[in-house]
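The lines below spell out each chain.
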Amino acid sequence: MYSSRGTSTTTTGTGAGKRGTKKWNGVKYSMMFIFIIEERINLEHLHKLKQSFENADSENSGTLTLDQFKLVIRNSLGLRGKNEEQITALFMKIDSNSAGHIAWDQFCTYMQLEYEEKEDAYRRQKDVDIHTPASIEYMPHREPVLRITNMSDGTFVATSQDGTISFWSGNMELKRTRSVMTEQNATRQKPKWVTDFVLMPQYNKLILGTGDREIQFYELSTFEPYCQVTGLETTPLKMAYCSTGYDECLIMYGDSEGCLNIIIINGTGETLRTWKKMPKTEGIASVTLEKVAHSHLTRFVRWKVHNDWVAELRYYDEIRSIISCSNNESSALVIGCTTGSTHVEAQLKEIKEHSNFPDAADKKLKIAQQNYAHARRRLDADQTTFRIHKGVKVFDFCKEKNLIITGGMDRIVRMWNPYVPSKPTGMLRGHNAPIFSLYIAADENRVYSISQDKTIKVWDIKDQVCMLTIRPKTHKIRGDLQACHYNRVAKGFCIATDQMALLSHRANRIQQHGEVVYTHKEPVHCAKYNPSFKHIVSCSDGSVVKIWDFETGNAVFEFSQAHDNNAITTMTFDTSNRRLITGGRDGRLKIWNYNNGHCLKRLEREDDFDEITDVCYIEMNKNRFILSVGWDRHINIYTDNSEDFRHVQRPLPKWADDLRDGHKEDILSVAVCLPNLLATSSYDGEVIVWNLISGHIYCHLRSPVPETYVSEELDGDNSICKLLFMSSRKDNKSAAQLIASGPRGSVHFWNIYNGGGLFSQFSSSKNNSAPVTTMQLSDDDTTLFAGDARGFITVWDVEGYCLFNKEDEPPSLLGSWRGHIESITSMDLVESHNILISTSLDCTVRLWTTEGHYIGTLGQQQSWDVYNPSTYAHPMVPYDVLVDPVSMPTHPILNIKLSNGGSSSYDEEDGDGEEEEEEEEEIKMKSEEKDERKSDVISVTNLSTRSQFHFDDDQIAKELKQKPFNKGTGKRLRHEKLKPLPKDRGGPNAYQNLKCFDLADTPPVPPPSRSRGEKMDDPFGFQF
């Protein structure tokens, strides 16, 4: 028996794994119970099930019916309660051929393929794709780079020992460079060195630590020196900064004595302004550490923590603790508080001494103030110490994962629970050199590590395995490592050696736009709703099939490589909704049990493998057929017989009329109207109506080209991408029965009788700028949904339209909204819930109500409930649609024809062509424009209700006083900051692609206004 399958996985979104209940038709049931049944089955259950299969088979047929299967599942798994619907659904999944019975082999095959493919796809899901070799740029630094960090917009900031600061874009393009130590070193015999730096983004400051025991503050925008703290006890080797609240912050540094020095600032703004007014030293306002320690707004704390140099320190406000590390084994990693806990007995003793001996107490207090810089040790209750072999050089912490990772000279990456210092939770081995840098990417569930030999490894946090290793021969970064940083915004590694290098993830939509939810990683060509299992099945350009729960939007199952690496272009279900039929660019049709990714049959031609563009499933008189069309320009029909056990099946012989008088161009769409009508459309704008039973051609339909039509495409844009039959009118010979989405991107209504006739033709957009790409019709043929190339969805009321005669005007417009930023590829209507499903080339599948309210995008973290409209995303809209310039609403003032002859939407109607009438209309429009400007009233028209809302100056002022803009999240501003800049990739530019047209009326050129006498006086033609 032949078998072919894709690779699959089962995933659950937020809340998908919970055993929540939902009411449907008054009955409560468990949403995820079906999957729990499959997950509960182990080897012991399989032995019981096999014995139960044999015992329940009373007829010795080797198969079980649905009632027998229910009894076996309940007895073998010990299920209690009413689970009829769940067990029935499991039976339907296994019985994909609708035979009404299943065998033991079928049950085992289903379970084996599901679990095997889950494991394969789980590994594939964790694959890491990084661009190699690295993007390498020369850098302006002459000294070693100390640290690299990034700003909120993803810009890299690097600082070297000589005080040179460079800013790099996320694509590793040098923005600007500035040296902050030039003026100070000009008057010194020995240059001043920088030891470390941190950013202070809340106050637009840059903090530097110097080798002269100073902490200097600079303006981040102008690099002008602001102030400095001098007189430090030791040199700040490593620095850290953290904002702990409104106008509160911590500035920390570690030194060579193993001490943590903390400056606690309560009023940051006032403190910085006070330090700015201090006397200047070497051209910069200076304040001593002693004044900082004794100020009422600041406090200085010094802890003796390590027995070696402080290698790294950071403050995490989530746990209100400082984590520091050193190469000393006894104090390798320490988690401790900033100020220490209150020692009650010591305070009571001080109070008692002050009351009994006040002079001695004051003297003791003065001595304590003089020893402000004395290093103390924390209490054991105030810190947690991790003892690690050979110490720790680098670490990282993630509160979300409750994880600490450490690395050092022993080349092992250790994973720790921060509350269990005795033993690591995992040890990641594989590096051959000391660990240089570590980063936790919580959103990716990964750990990135770099060793001294420039080997980069990516680890999975959950499985604790290495998913990717990039060696120096692969990324081609040369030189010794100086600094490294992982930019969580740009999703890339910035590595500094004697050059600046960038290793980034392969650019895809998900990484470029973090605010946008994507259903697939590739463009989506089709999606359909399955009412039997309440699933939505979507197929993408990457040959990936995903199954989603319609009621919640959570991911249920997926399998990839359905057509190898070829795109899936079309899909449909059989009449039982248990099998999925897909067609791809490889020219093959495949029949799937999509619940476990098992390929049941492969349908293909013998001669060629041209792309399949559309497919439909037909059942007539217990005969079942699969009909496909595509680039081979013929209709291919396959029989669907459950008794045919061939895995590869060939089509039936082609119709004689198809070979003799069929399409001359690629067929793009097919529509069926049982019992005997079939229609196909091609790339050249021809529609052919066939007799489905005999195979003869009923009529040829071609639309005449309007006189005013100007083609914007090289081929004339004659393609017809979608056909729809109005089945309720199939016997009405005086009405239009067929709807086509072209040619020329317009919607056409055709009557197919008496040789065919065009009843109506209209466009879905102004100036025909966006051709219709797909359509969907309601079951009662009263509402038409259309999607165009710009992502707009338009709804018309077609009840009674072209029912008795031809129509010159388009049907009544019910509404229009923008659902996607790119062309819409398919739509499906779920009339039981009044929900529309749309897919697009922008890699998304979105759900809408028929009124245009946004429900959500498949793949988002928040699940919805189709029975509860409060869980919909409405009144929000998709983020990519919100920020796209095409989505900006039109304004009446912008549409009015301007005095310089600009066109507008009001001028699209055909006039009589007389110049006097046009001038009168122009004068009238100008007067209306002036009156409109005088009244300062803005009118907004609602297309669906045809009502107008007026906003005057008082209402606008009232809205501004409420400050609604303060409640927003600033996504438009963030989008402009994070928007990637366009790159020049060669080829003609926009100016070279401009179209040139001849002027209709060329103005005459007047001759030179010089008399004949002037020419005689000046024989050379000079004029003075």
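What counts and what doesn't
- Residues numbered from 1 in each chain as written.
- Predicted model: local features only at pLDDT ≥ 70, side-chain atom pairs only at ≥ 80, totals over all residues.
- Heavy atoms only, no water.
- Helix = DSSP H or I, 4+ residues; strand = E, 2+ residues; numbered from the N terminus.
- Buried < 20%, exposed > 50% of the residue type's maximum accessible area, 1.4 Å probe, protein only.
- Contact = heavy atoms within 4.5 Å.
- Areas by Shrake-Rupley, 256 points an atom, 1.4 Å probe, with all protein chains shown as cover.
- Salt bridge = Lys/Arg side-chain N within 4 Å of Asp/Glu carboxyl O.
- Phe/Tyr/Trp six-rings, centres within 6.5 Å; stacked < 30°, edge-to-face > 60°.
- Core = buried A, V, L, I, M, F, W, Y, C linked by side-chain atoms within 4.5 Å.
- Arc of directions from axis to C-beta.
- Pairing = 2+ DSSP bridges.
- Axes fitted to C-alpha atoms, helices over the stretch in contact; angles between N-to-C directions.
- Patch = residues over 30% accessible without salt bridge, like charges linked within 9 Å, V, L, I, M, F, W, Y side chains within 5 Å.
- Lys, Arg positive; Asp, Glu negative; His and termini not counted.
- Charge placed at Lys NZ, Arg CZ, Asp CG, Glu CD.
- pLDDT = per-residue confidence, 0-100.

S.K.: Explanation requested: the overall build of the chain in the structure shown.
M.R.: From N to C terminus, the chain includes 19 helices and 66 strands. For the chain, the residues scored as buried account for 48% of the 1024 residues in total. Across the chain, the fraction of contacts at a sequence separation of at least 24, relative to all contacts at a separation of at least 6, is 53%. Accessible surface for the chain amounts to roughly 53,100 Å². Of this, 49% is attributable to carbon and sulfur atoms.

S.K.: I'm lost on the pattern of salt bridges in this one. Help?
M.R.: Pairing is possible between side chains that carry opposite charge, provided their charged atoms lie close to one another. Taken as a whole, this structure holds 33 salt bridges when the rule is applied. Between Glu-312 and Arg-147 there is a salt bridge, with the nearest N and O atoms lying 4.0 Å from each other. In this pair, Glu-312 is assigned in strand E22 (residues 310-316) and Arg-147 in strand E8 (residues 145-150), connecting sequence segments 165 residues apart. Residue Glu-312 is classed as buried on the basis of its relative accessible area, which comes to 10%. Residue Arg-314 pairs with Asp-396 through a salt bridge whose shortest N-O separation is 3.1 Å. Of this pair, Arg-314 sits in strand E22 while Asp-396 sits in strand E26 (residues 394-398), and the two are 82 residues apart along the sequence. Its relative accessible area of 4% is what places Asp-396 among the buried residues.

S.K.: I keep staring at the packing of aromatic side chains and nothing clicks. Help me out?
M.R.: Here the distance between the centres and the angle between the planes together describe a pair of aromatic rings. Summed over the entire model, instances satisfying the criterion amount to 21 aromatic pairs. Measuring from ring centre to ring centre gives 5.9 Å for Phe-217 and Trp-275, while their planes differ by 55 degrees; the resulting arrangement is tilted. Note that Phe-217 is positioned in strand E14 (residues 214-219) and Trp-275 in helix H7 (residues 268-276), a separation of 58 residues in sequence. Using a relative accessible area of 0% as the deciding quantity, one classes Phe-217 as buried. What makes Trp-275 buried here is its relative accessible area of 5%. When the ring of Tyr-529 is compared with that of Phe-550, the centres are 4.7 Å apart and the planes differ by 55 degrees; the resulting orientation is tilted. You can see Tyr-529 sitting in strand E37 (residues 524-530) and its partner Phe-550 sitting in the loop between strand E39 (545-549) and strand E40 (555-560), a full 21 residues away along the chain. For the residue pair Tyr-529 and Phe-550, the accessibility class agrees, reading buried in each case. An aromatic cluster is defined as three or more aromatic residues linked by ring pairs; in this entry it consists of Tyr-439, Tyr-448, Tyr-486 and Phe-493.

S.K.: Explanation requested: the nonpolar core in the structure shown.
M.R.: Inside soluble globular proteins, nonpolar side chains tend to come together where they are buried. One finds Ile-207, Ile-215, Phe-217, Val-229, Ile-251, Ile-263 and Trp-275 to be the most contacted residues of the largest nonpolar core, which totals 24 residues. Once residues lying within four places of it in the same chain are set aside, the contact partners of Phe-217 are Met-200, Leu-206, Ile-207, Pro-225, Tyr-226, Cys-227, Gln-228, Val-229, Ile-251, Leu-272, Trp-275 and Ile-284. Core analysis: the second largest hydrophobic core is formed by 19 residues, Ile-456, Ile-470, Tyr-486 and Leu-503 among them.

S.K.: Would you explain H7 in this entry?
M.R.: Each α-helix winds once per 3.6 residues, and so residues spaced three or four apart point in a common direction. For H7, the set of buried residues is Thr-268, Gly-269, Thr-271, Leu-272 and Trp-275. Looking straight down H7, one finds that the buried residues subtend no more than 165 degrees of arc, so they occupy a single side.

S.K.: Help me out: how do you make sense of the sheet that holds strand E61 (residues 824-830) in this one?
M.R.: Across a sheet, strands are paired by hydrogen bonds formed along the backbone, either parallel or antiparallel in direction. The four strands are arranged E61-E62-E63-E64 in an open sheet whose pairing can be described as antiparallel. Each edge of the open sheet is held by one strand with a lone partner, namely E61 and strand E64 (854-857). In this sheet, adjacent strand axes meet at a mean angle of 20 degrees when their direction is disregarded. In this structure, strand E62 (residues 835-840) lies alongside strand E63 (residues 845-849), joined through five bridges in antiparallel fashion. Bridging across to E63, Ile-837 finds its partner in Leu-847.

S.K.: What is the right way to look at the sheet that holds strand E13 (residues 205-210) in this model?
M.R.: With mixed pairing, the six strands of this open sheet are ordered in space as E12-E13-E14-E15-E20-E19. Where the open sheet ends on each side, the last strands, each with one partner, are strand E12 (194-200) and strand E19 (280-281). As defined by bridge partners, E19 adjoins strand E20 (residues 284-288) across two bridges and the pair is classed as antiparallel. Paired with Lys-280 across the two strands is Ala-285, which belongs to E20. Contacts from H7 reach E12, E14, strand E15 (225-230) and E20 within the one sheet, and its direction differs from that of E15 by about 90 degrees.

S.K.: Explain the pairing of strand E9 (residues 156-160) to me, please; I cannot follow it from the model alone.
M.R.: Looking along a regular strand, one sees side chains alternate from face to face of the sheet. With five of five residues buried, E9 lies mostly within the body of the structure. Alternating residues of E9 divide into Phe-156, Ala-158 and Ser-160 and Val-157 and Thr-159, and every residue in both groups is buried. In this structure, E8 lies alongside E9, joined through five bridges in antiparallel fashion. Residue pairing for E9: Arg-147 is matched across the bridge by Thr-159. Connecting E8 to the next strand, E9, in antiparallel fashion are five residues, including Gly-154 with a positive phi near 90 degrees. The pairing of E9 with strand E10 (residues 164-168) spans four bridges and is classified as antiparallel. Among the inter-strand pairings, Ala-158 is bridged to a residue of E10, identified as Ser-166. Where E9 hands over to E10, the hairpin turn is made up of three residues, of which Gly-163 adopts a positive phi near 85 degrees.

S.K.: Help me understand a negative patch on the surface in this model?
M.R.: On the surface, Asp-779, Asp-780, Glu-799 and Glu-831 cluster together into a patch of negative charge. In this structure Glu-831 comes out as partly exposed when scored by relative accessible area, which is 30%.

S.K.: Which parts of the structure should I look at to understand unusual backbone geometry?
M.R.: Where the residue is not glycine, phi is negative for most of them; where a peptide bond is considered, it is trans in most cases. For the peptide bond that leads from Gly-742 to Pro-743, omega is 5 degrees, which places it in the cis range. If you trace the backbone, Pro-743 turns up in the loop between strand E54 (738-740) and strand E55 (747-751). Here the phi dihedral of Arg-411 falls at roughly 70 degrees; this positive angle occurs in a residue that is not glycine. Tracing the backbone shows Arg-411 in the loop between strand E27 (403-407) and strand E28 (413-416). A positive phi angle, close to 60 degrees, is found at Asn-577, a residue other than glycine. Here Asn-577 is to be found in the loop between strand E41 (568-573) and strand E42 (580-584).

S.K.: Where do I start with the pairing of E55 in this structure?
M.R.: Burial analysis of E55 places five of its five residues in the buried class, which makes it a mostly covered element. Taking every second residue as pointing to the same face, both faces of E55 are buried, with Val-747, Phe-749 and Asn-751 on one and His-748 and Trp-750 on the other. In terms of strand pairing, E54 meets E55 through three bridges, oriented antiparallel. Bridge assignment links Ala-740 to a residue of E55, and that residue is His-748. Where E54 hands over to E55, the hairpin turn is made up of six residues, of which Arg-744 adopts a positive phi near 60 degrees. Summarising the sheet, E55 and strand E56 (residues 757-762) pair through five bridges and their orientation is antiparallel. Within E56, the position partnered with Val-747 by the bridge is Phe-762. Counted along the chain from E55 to the antiparallel partner E56, the turn is five residues long, and its residue Asn-754 has a positive phi close to 55 degrees.

S.K.: Where do I start with the environment of Met-181 in this structure?
M.R.: When you line up the elements, Met-181 lands in the loop between strand E11 (174-179) and helix H6 (182-186). Considering only alpha carbons, one finds Met-181 and Val-194, 13 residues apart in sequence, at a separation of 8.8 Å. Here Met-181 is in contact with Asp-162, Gly-163, Lys-192, Val-194, Leu-208, Thr-210, Gln-216 and Tyr-218, once residues within four sequence places are set aside.

S.K.: Looking at this model, I keep getting lost on the side chain of His-535. Mind explaining?
M.R.: Following the sequence through the fold, His-535 ends up in strand E38 (residues 535-540). Of the residues examined, His-535 reaches a relative accessible area of 5% and is grouped as buried. Apart from residues no more than four positions distant in its own chain, His-535 is found in contact with Lys-528, Tyr-529, Asn-530, Ile-547, Trp-548, Phe-550, Val-556, Tyr-594 and Asn-595.

S.K.: Would you mind going over the confidence of the model for the chain with me for this structure?
M.R.: It should be kept in mind that the predicted coordinates are not to be read in detail where pLDDT is low. Residues of the chain with pLDDT of at least 70 account for 75%, and the chain-wide mean is 80. pLDDT under 50 marks residues 507-512. Its contacts with residues more than four places away, or in other chains, come to eleven contacts. Confidence over residues 930-949 falls short of pLDDT 50; this stretch has 29 contacts with residues more than four positions distant or in other chains.

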